[in-house]
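# Observations on the model geometry
This is what each chain is made of:
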Amino acid sequence: MTLKLLAEVSQQELLVCLAELHNHFLGYVKSMSLKCAVDLGIPEAIHRRGGTATLADIATDTKVHPAKVADLQRVLELLTASGIWKTSCTG
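Not measured: the values here are computed from a predicted model. (Residues numbered from 1 in each chain as written. Predicted model: local features only at pLDDT ≥ 70, side-chain atom pairs only at ≥ 80, totals over all residues. Heavy atoms only, no water.)

## Considering the pattern of salt bridges
Put simply, the test is: In what follows, salt bridge is the name for a side-chain nitrogen of Lys or Arg lying within 4 Å of a carboxyl oxygen of Asp or Glu. Runs of H or I in DSSP of at least four residues are treated as helices and runs of E of at least two as strands, each being numbered from the N terminus. The rule is simple: take the accessible area with a 1.4 Å probe, protein chains only, and divide by the maximum for that residue type; under 20% is buried, over 50% is exposed, in between is partly exposed.
With the rule as written, the count across this model stands at 4 salt bridges. The residue Lys 35 makes a salt bridge to Asp 39 at a minimum N-O spacing of 2.6 Å. Note that Lys 35 and Asp 39 are positioned in helix α1 (residues 11-40) at a spacing of 4 residues, about one turn of the helix. Accessibility expressed as a relative area gives 46% for Lys 35, which makes it partly exposed. Classification of Asp 39 as exposed rests on a relative accessible area of 55%. One salt bridge connects Asp 57 with Arg 49, and the closest N-O pair in it is separated by 3.6 Å. The class for Arg 49 is partly exposed, based on a relative accessible area of 37%. Each of Arg 49, Asp 57 and Asp 61 takes part in salt bridges that share partners, so that together they form one network.

Encoded structure:
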């Protein structure tokens, strides 16, 4: 590996480095979100409800404080975007 001064690095090389850092960061965020879900007991809450549960069901079963439901939703959305969970719209 050769070190270069910032002035010697092309825009393409900077973009490649930024993409690599982005992937490392997202990997960390995904794994911490999964850890959070397991620590809260979300998989068990979904399983107890027959494999499907609403956000309200999960919040109730895991005893998440009502002020933190929006945070729970963000964790679930991230895990859904990562392919760990699936969502379906009803209504």
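After that view, the rundown keeps rolling.
## Notes on the environment of Ser 31
Note that Ser 31 resides in helix α1. For the pair formed by Ser 31 and Leu 21, sequence separation is 10 residues and the distance between their alpha carbons is 16 Å.

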